[in-house]
Amino acid sequence: FEGFPSVAGPHAVAVNGKTYTAKNIVIATGGRAFKPDIPGVDLPGVITSDEALVLPELPKRILVVGGGYIAVEFAGFFHGYGSDATLMFRADLPLRGFDGSCRKFLAERLAAKGIKVRPGLNPAEIKLGGDGKTLFVQTKEGPILEADVVMFATGRKPNTLDLGLEEVGVEIKQNGAIAVDEYSRTNIPSIYAVGDVTSRLNLTPVALMEGMALAKTLSGTPTKPDHTGVPTAIFSQPPVATVGLSEEEAASEYEEVDVYESTFTPLKYTMMLPSPEREKAYMKLMVDVKTDKVIGVHMVGLDSAEIMQSVGVALKAGATKATFDSTVGIHPSTAEEFVTMRSKARTIGTGVSGANGAS
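All values reported here derive from a predicted model rather than from experimental measurement. (Residues numbered from 1 in each chain as written. Predicted model: local features only at pLDDT ≥ 70, side-chain atom pairs only at ≥ 80, totals over all residues. Heavy atoms only, no water.)

J.: So what's going on with the packing of aromatic side chains? Residues and values would help.
T.: What describes a pair of aromatic rings is the distance from one ring centre to the other and the angle between the planes of the rings. Per the counting criterion, the structure on display carries five aromatic pairs. Relative to Tyr-20, the ring of Phe-1 lies with its centre 4.2 Å away and its plane at 35°, an arrangement referred to as tilted. Highlighted residues: Phe-1 in the segment before strand S1 (5-9) and Tyr-20 in strand S3 (residues 18-21), separated in sequence by 19 residues. According to the relative accessible area criterion, Tyr-20 is partly exposed, its value standing at 25%. With a centroid separation of 5.6 Å and an interplanar angle of 70°, the aromatic rings of Tyr-69 and Phe-98 are classed as edge-to-face. Residue Tyr-69 is located in helix H2 (residues 69-81), and its partner Phe-98 is located in the loop between strand S8 (84-88) and helix H3 (100-113); the two are separated by 29 residues in the primary sequence. An aromatic cluster is built from Phe-74, Phe-77 and Phe-78, whose rings are joined through pairwise contacts. Here the guanidinium or amino end of Lys-157 rests over the ring plane of Phe-34, the centre of that ring lying 4.6 Å away. Lying over the aromatic face of Tyr-260, Lys-321 brings its terminal NZ or CZ to 4.4 Å of the ring centre. (Phe/Tyr/Trp six-rings, centres within 6.5 Å; stacked < 30°, edge-to-face > 60°. Helix = DSSP H or I, 4+ residues; strand = E, 2+ residues; numbered from the N terminus. Buried < 20%, exposed > 50% of the residue type's maximum accessible area, 1.4 Å probe, protein only. Lys NZ or Arg CZ within 6 Å of the ring centre and 35° of its normal.)

J.: Would you mind going over the pattern of salt bridges in detail, with residue names and values included?
T.: Counted under the stated rule, the structure contains 15 salt bridges. We note a salt bridge from Arg-109 to Glu-279, for which the minimum N-O separation is 3.4 Å. On the criterion of sequence distance, the pair formed by Arg-109 in helix H3 and Glu-279 in the loop between strand S18 (257-264) and strand S19 (281-288) is long-range, its members being 170 residues apart. By relative accessible area, which is 4% here, Glu-279 ends up buried. Among the charged side chains, a network of salt bridges with common partners joins Asp-99, Glu-247, Glu-261, Lys-284 and Arg-346. (Salt bridge = Lys/Arg side-chain N within 4 Å of Asp/Glu carboxyl O.)

J.: So what's going on with the sheet that holds strand S11 (residues 135-139)? Residues and values would help.
T.: One open sheet accounts for three strands, arranged S10-S11-S12; its pairing is antiparallel. Sheet topology places strand S10 (123-128) and strand S12 (144-147) at the edges, where each strand pairs with a single neighbour. With strand direction ignored, the average angle separating the axes of adjacent strands in the sheet is 25°. Pairing between S11 and S12: four bridges, direction antiparallel. Each residue of the ladder has a partner; that of Phe-136, found in S12, is Glu-146. (Pairing = 2+ DSSP bridges. Axes fitted to C-alpha atoms, helices over the stretch in contact; angles between N-to-C directions.)

J.: I'd love a proper account of the sheet that holds S1, names of residues and values included.
T.: Read across the open sheet, the three strands follow the order S1-S2-S3; overall the sheet is antiparallel. Of all the strands in the sheet, just S1 and S3 have a single pairing partner and so form its edges. Averaged over all adjacent pairs, the angle separating strand axes in this sheet is 30°, with direction ignored. Sheet topology note: the S1/strand S2 (residues 12-15) ladder contains four bridges and is antiparallel. Across the sheet, Pro-5 pairs through a bridge with Val-15, a residue of S2.

J.: Tell me about H2, residues and numbers included.
T.: In this model, H2 (13 residues) spans 19 Å end to end at C-alpha, consistent with the 18 Å of a helix rising 1.5 Å per residue. Within H2, burial applies to Ala-71, Val-72, Glu-73, Phe-74, Ala-75, Gly-76 and Phe-78. Each element contacted by the buried residues of H2 is listed here: helix H1 (49-52), strand S7 (61-65), S8, strand S13 (149-152) and strand S16 (232-234). (Expected span 1.5 Å × (residues − 1). Contact = heavy atoms within 4.5 Å.)

J.: Would you mind going over unusual backbone geometry in detail, with residue names and values included?
T.: Residue Pro-238 is reached from Gln-237 by a cis peptide bond, and omega for that bond is 10°. Tracing the backbone through its elements, the reader meets Pro-238 in the loop between S16 and strand S17 (240-244). Of the consecutive residues His-331 and Pro-332, the connecting peptide bond is found in the cis state with omega at 0°. As for its placement among the helices and strands, Pro-332 is situated in the loop between helix H7 (321-326) and strand S21 (346-348). Despite not being glycine, Asp-162 shows a phi value in the positive range, around 60°. As for its position among the elements, Asp-162 is in the loop between strand S14 (156-158) and strand S15 (191-193). For Ser-184, which is not glycine, the phi dihedral falls at a positive 70°. By secondary structure assignment, the location of Ser-184 is in the loop between S14 and S15. Residue classification places Ser-184 among the buried positions, given a relative accessible area of 1%.

Read these as layout, nothing more, since geometry by itself doesn't imply function.
And the structure:
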């Protein structure tokens, strides 16, 4: 059926004036982009990632506001196409919540490529210049940034507006997400929800996994979606990929963790003269000293997503550092670095004096 739906009861959905009934209802409406509530966000040229995909022409100057997945990816896209790209965010580094070393390394590489990185700034107002084209972004901190297009990538909101959920009693969290239990069931027994609309772990493959688990549950085999050990990647330039705990998380959750890390230029670039295209890579592996289990793996560099998918399988299977060490590397490759790390960089954890995570 094509149309705008509204939940009309525990077992009913209305579409285009017609009501359909079912034993169970599954809400999977995802999330939506939004602009912050500041003056000037409705000016021409102020967009979100939705409009960025259908721009009639390439902007000469674009300011991307935000520091998450979408922001760093789109800044890279536009820079690669030839736009003068600026990435502005409120924190000191992009990708809040990710491993600190990776965040720092990525910020350095983005700047080295020519993207203007402006941390510690919050937009307060946007004004249109006298030429009718230039946008001036006044920040709360004082600096004014100019651009032809301003793209907001400051997060997404669960798509729950006007679905009739509150009217039938479905519990909605303060952030607009649907509250569900460990089986993706809402407080209404016949209504379920999966994906970004629940704001659990907002990744497309996770939504698919939640949907598959729910299909098993509704088919008579109760199955909980497993949100542990989920590998993920940010397709920035260079890309970032990770699975398991960040160093900051490991330092606060484990008594003693050995950290192995490496920064190097992959062999494929050793014949090139120094240039932004001569990408360096950063790799980190963390090990719980008590069990020898690898609890976190991180990488910034080309092919990191491809490498991390396989590493995610290893961590899901409970791989130890001894497992990694006994695996023969593929030479010459970047991935072999993960199985040849022998010298630890530092030890962190709650039982280690002065250890507080990545520097």
